[in-house]
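Here is what each chain is made of, one letter per residue.
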Amino acid sequence: MKKASTLSLEQMVESLQQEKEALAQQVKRLIRAEGKLYEYQEELDAQLKEYEQLYDFNRRLNRLHDLQSILAETVSYVIDHVGFERAICFARDEESQSYQVFALEGYYDPAEKAAVTSITLPLSSPCLSSLFAGCDYLVCKTDRHHKTSCRAESQEMILFQADGSDRRLAELGSSFLMKDYLIYPLGSPALPQALLVVGNCENATFYRKVDGQRGTVLALGNLAGVVSWLIEHRASEQRYRQLSEELERRVQEAVDELRQKDKLLILQGRHAVMGEMISNIAHQWRQPLNVLGLVLQELQLTQHKQGLNAEEVDSFVKRSLAIIRQMSRTIDSFRHFFKPDREKVEFRVRECLENTLTILEGSFRMQGIAPTLEAVGDPTVDGYPNEFIQVLLNILINAREALTARKPAAPQILVRLFSEGDRTVVTVADNGGGIPEEIIDRIFDPYFTTKGPEQGTGIGLFMCKTIVEKNMGGRISVRNVGEGAEFRIEV
Ligand SMILES: Nc1ncnc2c1ncn2[C@@H]1O[C@H](COP(=O)(O)OP(=O)(O)OP(=O)(O)O)[C@@H](O)[C@H]1O
Ligand SMILES: [Mg+2]
């Protein structure tokens, strides 16, 4: 009985001892776990801080527009917040097919700075090929025995690895004045616009280590991502700007060319009516020339019969001069018409109408047409008077052609001039049968004619529209009224 109770006491002590052990183990584990937790907490805090800094950096960056300042801001950020000793940014130069230093930051003495600034990296350099192959970064380290090892990584995949004695990579590092360094491509992965090199020189103990640790990779990877996005964005903005400028320039050129063509066409149109004009001049001169001939015959007759005294000679000269003056007035109104209008001037519309009717008087009279002018007031408008006369001539000649084709019993052309609000309106109506509704929408189109190649080019009304609407900012329209067509010009 006694033995049994001692045994159970021993057993109890033993099991207590075991429990104590187990508890002690657990406490140890807990303490370890707590330590880890603190580590994680610290790491998280550090990461949060880095994200905040990156956020501010991103905001500063977004205000920048040129590559130079974006890269300068980037190297400052690396030194101030990521904690490396030195940082260099290279930018691609198309002309020399190389990367050239655009910005550097960190501790460099003046001689070192000058040396690093003059580095150029040819695009064809073998050290860069793994970057162009799409890796996220290249990390190079030199150990105590001066052996350089290098890795190019892309999303956890190693694209390239050189161990031991890659001289070129060691040389590259020494040209940067860095023992260990990382290179990040910035911009489009296929052909980065820029490169970011960060690293430390020989005895850099206070700085962040160049290694493949998560914190470093995250910090630099995020930074490179932000900068790359902005560089790409700015590049496409610039491409867009260049394109739209180019487009604007081409549109302007096309518009100028069209203007030039319009001008030429108008001038050609004017020469086209020249034939019409000459026959009109001839017509208008026929009568005064006849009279002049009669005066001269009379002069001769008088001289034969009774001789001429001074008074009679004077009277003959006066009469002849009056006729010649009238003839020269006629030709003046034609002459002005052929001068191209250079500048907009204020002109009286009524005077233009009267001049135009004078020019056409002869040929209209021949066809038994006597146009009527009804004018209210004497409005003036800004524009090109000769071009305006050209418009009136085209419309009046069209009306005459319609009348000679249709031959109404009493051919009529009524020209009216009046004001409507601040606009001046001229209408020309005839009784030549009007314009068929199926073509009325097309008569202002270039080369639209119903007259056949011998008689019409179809340019007349197109030119009228160009002159009135493009050159003078007015409107021209047509409708059928009564027995014929009515053209309306508003300026
Ligand atoms: N007063 C009118 N009455 C009837 N039809 C007209 C009248 N004015 C113009 N048209 C129609 O409009 C068409 C176009 O006129 P437009 O002056 O542009 O050319 P066109 O007179 O045929 O040739 P051109 O270039 O030699 O003047 C004419 O062919 C004609 O069919
Ligand atoms: Mg015509």
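Going by the structure above, here's the rest.
All values derive from a computational prediction rather than experimental measurement.

What about the packing of helix α9 (residues 349–366) against helix α10 (residues 385–406)?
At a minimum axis separation of 9 Å, α9 and α10 run at an interaxial angle of 40°. Taken together, the axes of α9 and α10 lie oblique to each other. The interaxial crossing formed by α9 with α10 has right-handed handedness. From α9, V349, C352, L353, N355, T356, L357, I359, L360, S363 and F364 reach across to α10, where they touch P385, F388, I389, L392, L393, L396, I397 and R400.

What about the site of ligand 1?
Not every one of the 19 residues close to ligand 1 is listed here, only the nearest: T449, T450, K451, T457 and L461. One of the side-chain nitrogen or oxygen atoms of T449 is found 2.5 Å away from an oxygen atom of ligand 1. Within the contact set of ligand 1, an oxygen atom lies 2.9 Å away from a backbone nitrogen or oxygen of G458. Burial of ligand 1 by the surrounding chains reaches 90%, relative to a free accessible area of 600 Å². Among the secondary structure elements, those contributing two or more residues to the shell around ligand 1 are α10 and α12 (460–471). The element contributing the most residues to the shell around ligand 1 is α10, with three residues. Considering only residue class, the shell around ligand 1 consists of eight nonpolar, nine polar and two charged.

Side note on a nonpolar patch on the surface
Residues V313, V317, L321 and I324 make up a contiguous nonpolar surface patch of roughly 300 Å² in combined accessible area. Structurally, the position occupied by V317 is in helix α8 (residues 310–337).

As for the sheet that holds strand β12 (residues 413–420)
Spatially, the five strands line up as an open sheet ordered β10-β12-β13-β15-β14, and their pairing is mixed. Each end of this open sheet is capped by a strand with a single partner; those strands are β10 (372–375) and β14 (475–481). Between one strand and the next, the sheet's axes are offset by a mean angle of 15°, whatever the strand orientation. Two strands pair when backbone bridges link them, and β14 and strand β15 (residues 484–490) are joined in this way by seven bridges, in the antiparallel orientation. From the neighbouring strand, N480 faces β15, where its bridge partner is A485. Strands in contact with α12 are β14 and β15; relative to β14, the strand with the most contacts, it is inclined by about 135°.

Structural notes on a negative patch on the surface
There is a patch of like negative charges on the surface, built from E437, E438, D441 and D445. Mapped onto the elements of the fold, E437 is located in the loop between β13 (423–430) and α11 (452–455). Taking the relative accessible area as the measure of exposure, E437 reaches 54% and is therefore exposed.

As for the pattern of salt bridges
Taken as a whole and assessed by the stated rule, the structure comprises 23 salt bridges. The salt bridge partner of R350 is E354, with a shortest N-O separation of 3.5 Å. Of this pair, R350 and E354 are both found in helix α9, four residues apart, which corresponds to roughly one turn of the helix. Classification of R350 by relative accessible area gives partly exposed; the value is 30%. The partner of E469 in a salt bridge is K465, and the shortest N-O contact between them spans 3.3 Å. Separated by four residues within a single helix, E469 and K465 lie in helix α12, roughly one turn from each other. One continuous salt-bridge network, built from bridges that share partners, spans E246, R249, R250 and E253.

Notes on the pairing of strand β2 (residues 98–106)
Where strand β1 (residues 86–93) lies against β2, eight bridges are found, and the strand directions are antiparallel. Across the sheet, residue I88 finds its bridge partner in β2, namely L104. Pairing between β2 and strand β3 (residues 120–122): three bridges, direction antiparallel. Bridge assignment links S98 to a residue of β3, and that residue is P122.

Cut-offs and rules
- Residues numbered from 1 in each chain as written.
- Chains lettered and ligands numbered in written order.
- Predicted model: local features only at pLDDT ≥ 70, side-chain atom pairs only at ≥ 80, totals over all residues.
- Heavy atoms only, no water.
- Axes fitted to C-alpha atoms, helices over the stretch in contact; angles between N-to-C directions.
- Helix = DSSP H or I, 4+ residues; strand = E, 2+ residues; numbered from the N terminus.
- Parallel < 35°, antiparallel > 145°, perpendicular 65-115°, else oblique.
- Left-handed = near helix turned anticlockwise from the far one by under 90°.
- Contact = heavy atoms within 4.5 Å.
- Near = heavy atom within 4 Å.
- Polar contact = N/O pair within 3.5 Å; in protein donor to acceptor, adjacent residues only side chain to side chain.
- Areas by Shrake-Rupley, 256 points an atom, 1.4 Å probe, with all protein chains shown as cover.
- Nonpolar A, V, L, I, M, F, W, Y, C, P; charged D, E, K, R; others polar.
- Patch = residues over 30% accessible without salt bridge, like charges linked within 9 Å, V, L, I, M, F, W, Y side chains within 5 Å.
- Salt bridge = Lys/Arg side-chain N within 4 Å of Asp/Glu carboxyl O.
- Pairing = 2+ DSSP bridges.
- Lys, Arg positive; Asp, Glu negative; His and termini not counted.
- Charge placed at Lys NZ, Arg CZ, Asp CG, Glu CD.
- Buried < 20%, exposed > 50% of the residue type's maximum accessible area, 1.4 Å probe, protein only.

From the geometry alone we can't say anything about function, so treat these as descriptive.
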